[in-house]
Amino acid sequence: MSLAAPAGWPDPATLVEAIRSRDRSAIAEALNVLDDRRPGARACAAGLTARLAALPAPGAHVIGITGPPGSGKSSLAAALLGVWREAGRTVGVLAIDPSSPRTGGALLGDRLRMLRPDGDEAVFIRSLASRGELGGLSPEAGPMSLVMAAAFDVVVVETVGIGQSETDVSELADTTCCVVQPASGDTVQFLKSGIMEVPDLFAVSKADLGALAERTARELQGSIPGRPEGEWTAGVTLVSARSGAGVAELARAFGSHRAWLDAGGKVGERRRRHQARWVSRRLREEFGSQGVERLGGAEGLVAELLREHGPPLTRHEELRRRALSLYAGSEGEHP
Ligand SMILES: Nc1nc2c(ncn2[C@@H]2O[C@H](COP(=O)(O)OP(=O)(O)OP(=O)(O)O)[C@@H](O)[C@H]2O)c(=O)[nH]1
Ligand SMILES: [Mg+2]
């Protein structure tokens, strides 16, 4: 696939340079291109992600903040942002907003803008519609996080959900934190039922509620399975966005997880695996699980994508063509 810009669309190479120098209008433009379904935009997006994926493993820390509706994710993200900014780090935020009126939770963007009315050039916030009511990640979130990671030291992706394979922010983050609110026994039960493996960190929010929060933290701590020597074991941090308690400690826990990934040279591999899963998931959405089977099955596809790694949008397009030609070979089966 050509990496040149189609007429009328920005030149990907120029755009990537501008993104890396944190040019806000270039970042906004790149995010718009990734969000645009027109063919010219798709071609430009492919060139853009190819260049972004080829950058030397960026130092950016991509953080996923997930958890049930109303658990306190946005408030916590805003508090963490304060800690990171104090440490001089630039921060990009992708807020996947289900805008659930149920919880009365403010959109993260609004909340942050409310907290920092003067505006901060080192912070960039972009809200993204969620795919469904439960806050499923839209397919654009993966490539968008690549743009953010090229520009900022820390990239936060906030999304509702815990562990559903479709909606999992852990598939684009280096470190995923699950936010659990006090006395949410259901959540703890749910977590125990099998997805304790997914988050790298747990935060029990609203610690200012006192004993209730402490009990929830103990319960959660007690259900984290032991890990073999050398493996990462998720810890539980009690935090209050309201009082600020535990926020710096949680920021340190994020740092420790990233340092653990770095020490084991795991960041690049983790990102390649995320990108492979992203491609595989896009193909399943278009061609169904039957289609994926014809391409070698989900596992086989991920293995192939890891073996022959390439920019995600480019690999996706190649495999789409392969799937289409398989279907063209057997008339009338295309879904
Ligand atoms: N007491 C207390 N309340 C909090 C704290 N953090 C958030 N809340 C409240 O919890 C509610 C939800 O907070 P949000 O930060 O919007 O939660 P969220 O998980 O982002 O919500 P959604 O994005 O709608 O899923 C709000 O009413 C907050 O005021 C906290 O540290 N202490
Ligand atoms: Mg929120």
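The numbers attached to residues start from 1 for each chain and follow its sequence in the written order. Each chain takes a letter, starting from A, and each ligand takes a number, starting from 1, following the order in which they are written. Side-chain atom pairs in this predicted model are given and counted only at pLDDT of 80 or more, local residue features only at pLDDT of at least 70, and totals for whole chains, interfaces and linings cover all residues. Remark: hydrogens and water are excluded; side-chain values derive from all non-hydrogen atoms of the structure.

**Details of the overall build of the chain**
And step 1. Segments assigned H or I by DSSP are reported as helices when at least four residues long, segments assigned E as strands when at least two residues long, and all are numbered from the N terminus. Scanning the chain for helices and strands turns up twelve helices and seven strands.
And step 2. Contacts are assigned to residue pairs that have any heavy atoms within 4.5 Å of one another. Summarising the internal contacts of the chain: among those between residues at least 6 apart in sequence, 76% fall at separations of at least 24.
And step 3. For accessible areas, the Shrake-Rupley method is used with a probe of radius 1.4 Å. Any residue's cover is judged against the shown protein chains and nothing else. Split by element, the accessible area of the chain, about 14800 Å² in all, is 51% carbon and sulfur.

**Re the nonpolar core**
And step 1. As used here, the term nonpolar core means buried Ala, Val, Leu, Ile, Met, Phe, Trp, Tyr and Cys residues forming a set that is joined through side-chain atoms within 4.5 Å. Categorising residues by exposure relies on relative accessible area from a 1.4 Å probe, with only protein chains included: less than 20% of the type maximum marks a residue as buried, more than 50% marks it as exposed, and the intermediate range marks it as partly exposed. By size, the foremost hydrophobic cluster in this structure holds 51 residues, and its most contacted members are Ile19, Ile27, Leu48, Leu52, Val147, Val157 and Leu283.
And step 2. Ranked by residue count, the leading element in this core is helix H6 (residues 141–151), at eight residues.
And step 3. Among all residues touching isoleucine 19, those that are not within four sequence positions of it are Ala26, Ile27, Ala30, Leu48, Val147, Ala150 and Ala151.

**A word on the packing of helix H1 (residues 12–20) against helix H3 (residues 39–54)**
Axes are the key here: two packed helices are described by the angle between their axes and the distance separating the axes.
And step 1. Simply put, an axis is a line fit to the C-alpha atoms, just over the touching stretch for a helix, and the angle between two N-to-C directions goes from 0 to 180 degrees. Interhelical geometry of H1 versus H3 gives an angle of 50 degrees and a closest axis separation of 9 Å. One element, H1, and the other, H3, form an angle in the oblique class. Between H1 and H3 the crossing geometry is right-handed. The residues of H3 that touch H1, namely those facing Pro12, Ala13, Leu15, Val16 and Ile19, are Cys44, Gly47, Leu48, Arg51 and Leu52.
And step 2. Classes in brief: Ala, Val, Leu, Ile, Met, Phe, Trp, Tyr, Cys and Pro nonpolar; Asp, Glu, Lys and Arg charged; the others, Gly included, polar. Looking at the contact of H1 with H3 residue by residue, the class counts come to eight nonpolar, one polar and one charged. What sets the label is the angle itself: under 35 degrees gives roughly parallel, over 145 gives roughly antiparallel, 65 to 115 gives roughly perpendicular, and the rest give oblique. Less than a right angle of anticlockwise turn of the near helix away from the far helix marks a crossing as left-handed, whereas a clockwise turn marks it as right-handed.

**Concerning the packing of helix H10 (residues 267–294) against helix H11 (residues 297–307)**
And step 1. For the pair H10 and H11, interaxial distance at closest approach is 9 Å and the crossing angle is 140 degrees. With respect to H11, the axis of H10 lies oblique. Of the two elements, H10 crosses H11, and the hand of that crossing is right-handed. Listed contacts from H11 to Arg272, Arg273, Ala276, Arg277, Val279, Ser280, Leu283, Val292 and Glu293 of H10 are Gly297, Ala298, Leu301, Val302, Leu305 and Leu306.
And step 2. Residue classes in the contact of H10 with H11 are distributed as nine nonpolar, two polar and four charged.

**Some details on H1**
And step 1. Buried within H1 are the following residues: Pro12, Leu15, Val16, Ala18 and Ile19. Angularly, the buried residues of H1 cover 165 degrees about the axis, an arc narrow enough to put them on a single face.
And step 2. Tucked into the core, H1 has its buried residues touching helix H2 (24–34), H3 and H6.
And step 3. Arginine 22 sits one or two positions beyond H1 and adopts a positive phi of about 60 degrees. By construction, the arc corresponds to the directions joining the helix axis to the C-beta atoms.

**With respect to the confidence of the model for the chain**
Where the model shows low pLDDT, its predicted coordinates should not be examined in detail.
And step 1. Overall, the predicted model of the chain reaches an average pLDDT of 84, with 82% of residues at or above 70.
And step 2. A score between 0 and 100, pLDDT records how confident the predictor is in each residue. Put simply, helix H5 (residues 108–115) is where the chain has its lowest mean pLDDT, 58, and helix H9 (residues 247–263) is where it has its highest, 96.
And step 3. Overall, residues 100–106 carries pLDDT values under 50, and its contacts beyond four positions in sequence, including any with other chains, amount to eight contacts.

**Section: the environment of proline 312**
And step 1. Following the sequence through the fold, proline 312 ends up in helix H12 (residues 312–328).
And step 2. Under the relative-accessibility criterion, proline 312 is labelled buried at 6%.
And step 3. Between the alpha carbons of proline 312 and proline 143 there is a distance of 8.2 Å; along the sequence they are 169 residues apart.
And step 4. Residues in contact with proline 312, not counting those within four places in the same chain, are Ala53, Leu146, Gln275, Trp278 and Val279.

**Side note on the side chain of threonine 90**
And step 1. Position of threonine 90 among the secondary structure elements: in the loop between helix H4 (73–86) and strand S2 (91–97).
And step 2. There is a polar contact of 2.9 Å between the side chain of threonine 90 and the backbone nitrogen of aspartate 153.
And step 3. The contacts of threonine 90, once residues within four sequence positions are left out, are Arg22, Arg85, Ala122, Ala151, Phe152, Asp153 and Val154. By the criterion applied in these results, polar contacts are pairs of N or O atoms within 3.5 Å in which, for protein atoms, one can donate a hydrogen and the other can accept it, and in which residues neighboring in sequence qualify only through two side-chain atoms.

**A look at the coordination of the magnesium ion (ligand 2)**
And step 1. Each metal's donors are the N, O and S atoms within 2.8 Å of it, or within 3.2 Å when it is Na, K or Ca, and because water is not part of the set, sites may look incomplete. For the magnesium ion (ligand 2), the protein coordination sphere consists of Ser74 (OG) and Glu158 (OE), at 2.1 to 2.3 Å. Note that serine 74 is positioned in helix H4 and glutamate 158 in strand S4 (residues 154–160), a separation of 84 residues in sequence. Assigned by exposure class, serine 74 and glutamate 158 land together as buried.

**A few points about the pattern of salt bridges**
And step 1. Whenever Lys or Arg places a side-chain nitrogen within 4 Å of a carboxyl oxygen from Asp or Glu, that contact is recorded as a salt bridge. Summed over all chains, the structure comprises 16 salt bridges.
And step 2. The partner of arginine 126 in a salt bridge is aspartate 35, and the shortest N-O contact between them spans 3.4 Å. On the criterion of sequence distance, the pair formed by arginine 126 in strand S3 (residues 123–129) and aspartate 35 in the loop between H2 and H3 is long-range, its members being 91 residues apart.
And step 3. Here arginine 126 falls in the buried class, since its relative accessible area comes to 16%.
And step 4. Judged by relative accessible area, which is 35%, aspartate 35 ranks as partly exposed.

**Observations concerning the packing of aromatic side chains**
And step 1. Whether two aromatic rings pair depends on their centres lying within 6.5 Å, for rings of Phe, Tyr and Trp, where Trp uses its six-membered ring; planes under 30 degrees apart make the pair stacked, over 60 edge-to-face, and the rest tilted. Using the criterion set out here, one finds four aromatic pairs in the structure.
And step 2. Measuring from centroid to centroid gives 6.0 Å for phenylalanine 287 and tyrosine 327, while their planes differ by 15 degrees, and the two rings are stacked. Of the two residues, phenylalanine 287 sits in helix H10 while tyrosine 327 sits in helix H12, which places them 40 residues apart along the sequence.
And step 3. Judged by relative accessible area, tyrosine 327 falls into the buried class, the value being 7%.
And step 4. Criterion for a charge above a ring: Lys NZ or Arg CZ within 6 Å of the ring centre, and within 35 degrees of the ring normal. Positioned above the aromatic ring of tryptophan 260, the side-chain terminus of lysine 266 is 4.3 Å from the ring centre.
And step 5. Its end group placed over the ring of tyrosine 327, arginine 294 keeps NZ or CZ at 4.7 Å from the ring centre.

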